[in-house]
Each structure stands twice: as C-alpha cells, then as structure tokens.
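Here is how the chains run, residue by residue.
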Amino acid sequence: MSMFVTKTIETLVSEAEGADGLRRVLGRRDLVALGVGAVIGAGIFVLTGQAAAAYAGPAIVLSMAIAGLASALAGLCYAEFASAVPVSGSAYTYAYATLGEFAAWLIGWDLILEYALSASTVAVSWSGHLGAFLAQLGVAFPAALSAAPGTLVATSGGHAVTAVFNLPAVLITAFVTVLLLVGIRESATVNAAMVALKVAVIAIVIAGGIWFVQPGNWHPFVPPNSGRFGEFGWSGVLRGAAVIFFAFIGFDAVSTVAQEARDPQRDMPAGILGSLAICTLLYMLVSGVMVGLVPYQKMIGSPAPMIVALDAAALRSSGSAHAMLSGLKLLVEFGAIAGLTSVMLVTMMAQPRIFRAMAIDGLLPDWATRIHPRWRTPHVTTIITGVAVAAAAGFTGVSTLGQLVSIGTLFAFVVVALAVIFLRARRPDLHRPFRVPLAPFLPIAAVAVCLLLMASLPWATWERLVIWMAIGLAIYFAYGYRHSRVRLPKPVDQSLA
Ligand code: ALA
C-alpha cells in the first residue's frame, strides 16, 4: 500500500473507544482551563513589548485582534475535527484520516516544534522570570547556573561569568514531568490553580493600570510607517501580529486530551474556542493598558514589558498609588512564573499523547504506546518528552527559537484547515457535532491568514523549518515507512497496551 494510505474515521474512533487505559475524567471547565493554561505565557509577558516597540506601536491591540482572528479560524477547524474525531493525536490523526500517512508523519514531526520546543523555550523564559522575581526579593541566584553552557551572564555584582547550564529550566521541567506522570486529574487541578492565578494577575493589571493610562500615549494609534515593510504603519500591525502569534499558541493542545474528556463531542469545541476567546479579550485589554501607561518606544528590547509599563506609572505617582503599582510589579512576576509553568504543563501533556498516537500506528516503536498500570498516563512518552525538553532548555540556547515554534504551529493549522475541506468533500455523511460555519470559506480563510503570517516571519525561520522537516523525512523512511501498522497490518502487541 502507498504511503498516502489514510485511516478511516471509524477505525480511529473505535481504536479510541477500545480498552485504551487512559482515564476519562476531564469536564468542560477543565478543558477551557487547559486551553487558557497553554496559551497565556511567555508571549504576553515577554513579546508584547517587542511587538509594540519595534513594529506596531499602540496598534499592538489590532495586532492582537488579527492574531486572535487567525487563531479563531484555525480553532474552528480544530473544533470540528475534535468533535467528529475525538482521539488524542490531534492534527497528526486528522491528517492521517484525510491526507494520508506521509502527511500525518510530517505533521506529527512538525508538532514537536509546537509542543516540545515551545516547552523548552518557555522553560528558559521561566528561569529568567524566577531570577527576576528572586532579585526583587533581594535574593541572588548563582549566575553560572542560570543559562545554557557557554553563555556570558552578568552576576549581581556586575561581573560576567560563563554559564554552566540552566538549572531552574531543568528543575521546572522535572517538576512538570513528575506531575504529568502521576495523573491527568492531578495535572488538571494544578493547571486550574495556576490559570486562576495568572488570569487574576492580568485582570488586576488591567483594572489597576487603566487609572494610570495617559491617553496621549495612544496617539498616533497607528504610527506612520518608517519606510520599511513591517516597521509601523499597517504592515507593522501585520508583522506585530506574526510576532505576537506565539502568545496564542496552545489552544489546540486541548484536542490532544480528547480521549481523557468525559464528553469530548460536546466539550472539545467549548474548550478550544472558549479558551481562545478569553485569551484574545485579555490580551487586547492588557496590551492596550500597557501602551497607555508608557510610550511604546520605552519597551524596546525589554524581556518584562509589563514591569516597564508599571514602573513608568509608578514613577509618575506617589503615596498609596506608588505603593500599589510597586506591589503589582511583584504580582506580575509571580503571575508570569505561574503562567509559564502551566504552558509547560499543557504542552508537555500534549506531546506524549501525539508520540503515543504515532507509536500506535507503528511510526514510532511499540514501547512508546505503554500506559502506566496505576497512574494511567502514557509514562514512557512523558519521560522521553521530559528528558528532551530539559536537555534543550538546560543545555542549548533554545531561547532564540520561538519563531520556529510559531512557523511550525502555523503549518499545522494550515494542514488542519485543508483537512476539514477534504473531509467535508470525502465524507459529507460523517456526524459532526460541531461544524465550521460558512465552509469552505472560513477554512480557506484560515489557510490564507496562516500562510500570510508564515510569510511575515524571517527567512531564517523558514530555513530552520525546512531543515527540521528534512530530518523528519529521513527518520520516516528509515523507520516509520518500514514499520507502519496501517500499510503493513500487524496485530498490536497487547502486552504493551
Ligand atoms: N502561547 C504560549 C506562550 O505564550 C506558547 O507562552
């Protein structure tokens, strides 16, 4: 059989309904919280300032709306698939059902960028925020243990030392891995607590900060273009959207726990679209407040733009207002640390489930399908993910690879939107509890907007994507092509399930 062989929807659903071993414990609220958990993180706490200062100015609010719209178009496509095919492989499985094994492998491989690589970049950011938080409390963390080997880091005394490895990034990855091993219910509960905290912090920044906004900072709302594409003006709004898109990544991770949802057909669309709506609204409001507190130029290059904005407001105020703004700064650091932890938690929850779906199909080795007898979690793939994320976060300079995460995710979105169109044509009869409205126009719009955002990313990011995919192709032909269970049917080894 050819490598374009597809899996039928009926096979996928019956496999998922069989004695799979995962626990069906997640309700609608858990799913929305998982979506928000995966989305609000490094993007809003780190990238907003850069996107506003270098590209969009106060119109960062519009960039947020565009990135939110692109995500919503893709989110609708994910919602249709996740309700019709509620299995844990997400885009990988959707591609297998529609475009065939080869495309499925490519997407499965690509999703490593979205989940494992983003967890690594977020772990590095987590480490940076922990250092800043401790510094605010007057505690100095050893600089040599705070970055990838070979990086020059400034000590609290102002000297430069060469870092050995990034200890906090490794520790947080280990903590998240252990939590994910112990159980899906436990992980969802910790996630809910962290989501409540980070949403509360953002809401407090909005509600507290709005009183200190200087409306003059919002003018001109769309600063004139500098003469170069992407530097202010409308092209800047677009580039700002492409950069800030990272902040929206993650809502689709909800679809990877479809087999652990109590009623996936009903609750998957709510989890995906509900979390996206909450995050888009919060992002537009908080970025609007930030560029109202401080002239956007002041946030250039800052890894903690919310702090810069609050600092500017604190400088202008006195007495209790000053004290409140200083308190808010500490809260923001704390919220960022919680926020980043939950992003890692959900992306590192998603990755092992995709690996496992690939192993069930024979594209990865059999032992990767195992479920822990007591914890009922995919422990083998969870540990592999944890080790890979920790190695990348602790020992390599992954922090510069955020745009690779974005391009990889956009690529997956394009494929899922195309897959919706294909499946509508091929299986019009299929029961779809949720349907993308105005199909095929909205899925086509999803493809177009995602391609536009991909085109706005730097060329170097494209080169890295091509290299990553070439490595994936080599692995497919060396292993998956020869072991595929769909093309070369062989019984599943029940002792491993
Ligand atoms: N959306 C996630 C973040 O901003 C990846 O950290």
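Residues numbered from 1 in each chain as written. Predicted model: local features only at pLDDT ≥ 70, side-chain atom pairs only at ≥ 80, totals over all residues. Heavy atoms only, no water.

J.: Explain the site of the ligand to me, please; I cannot follow it from the model alone.
T.: In the region of the ligand, the neighbouring residues are Ala38, Val39, Gly41, Ala42, Gly43, Val122, Phe246, Ala247, Ile249 and Val343. Between an oxygen atom of the ligand and a main-chain N or O atom of glycine 43, the distance comes to 2.8 Å. Between the ligand and isoleucine 249, the relevant distance is 2.9 Å, taken from a nitrogen atom to a main-chain nitrogen or oxygen of the residue. (Near = heavy atom within 4 Å. Polar contact = N/O pair within 3.5 Å; in protein donor to acceptor, adjacent residues only side chain to side chain.)

J.: Would you take a moment to explain helix H15 (residues 441-455) for this structure?
T.: Side chains of residues three or four places apart in an α-helix project in the same direction, reflecting 3.6 residues per turn. For H15, with 15 residues, the first-to-last C-alpha span of 21 Å sits near the 21 Å given by 1.5 Å per residue. For H15, the full list of buried residues reads Pro443, Ala446, Val447, Cys450, Leu453 and Met454. Seen from one end, H15 has its buried residues packed into an arc of 135°, which puts them on one side. Counted as exposed and oriented over 90 degrees from the buried face of H15: Phe441 and Ala455. Each element contacted by the buried residues of H15 is listed here: helix H4 (60-84), helix H9 (233-244), helix H14 (402-426) and helix H16 (459-483). (Helix = DSSP H or I, 4+ residues; strand = E, 2+ residues; numbered from the N terminus. Expected span 1.5 Å × (residues − 1). Buried < 20%, exposed > 50% of the residue type's maximum accessible area, 1.4 Å probe, protein only. Arc of directions from axis to C-beta. Contact = heavy atoms within 4.5 Å.)

J.: Could you clarify how one ought to interpret the packing of aromatic side chains in this entry?
T.: Within a pair of aromatic rings, the relevant descriptors are the distance that separates the centres and the angle that separates the planes. Counted according to the given criterion, the structure contains 19 aromatic pairs. With 5.4 Å between their ring centres and 50° between their planes, phenylalanine 251 and phenylalanine 413 make a pair best called tilted. With phenylalanine 251 in the loop between H9 and helix H10 (264-293) and phenylalanine 413 in helix H14, this pair connects stretches of sequence that are 162 residues apart. Of the residues examined, phenylalanine 251 reaches a relative accessible area of 0% and is grouped as buried. A ring pair is formed by tyrosine 476 and tyrosine 481, whose centres lie 5.9 Å apart and whose planes are at 70°; its orientation type is edge-to-face. Members of the aromatic cluster, joined through ring pairs, are Phe102, Trp105, Trp109, Trp468, Tyr476, Phe477 and Tyr481. (Phe/Tyr/Trp six-rings, centres within 6.5 Å; stacked < 30°, edge-to-face > 60°.)

J.: What is the right way to read the packing of helix H3 (residues 42-56) against H10 from this model?
T.: Each packed pair of helices is defined by two parameters, the angle between the axes and the distance between the axes. Running from amino to carboxyl end, H3 crosses H10 at an angle of 55°, the nearest separation of the two axes being 11 Å. In terms of axis orientation, H3 runs oblique to H10. When you trace H3 past H10, the crossing you get is right-handed. Across the interface between the two elements, Ile44, Thr48 and Ala52 from H3 touch Tyr283, Val286, Ser287, Met290 and Val291 from H10. (Axes fitted to C-alpha atoms, helices over the stretch in contact; angles between N-to-C directions. Parallel < 35°, antiparallel > 145°, perpendicular 65-115°, else oblique. Left-handed = near helix turned anticlockwise from the far one by under 90°.)

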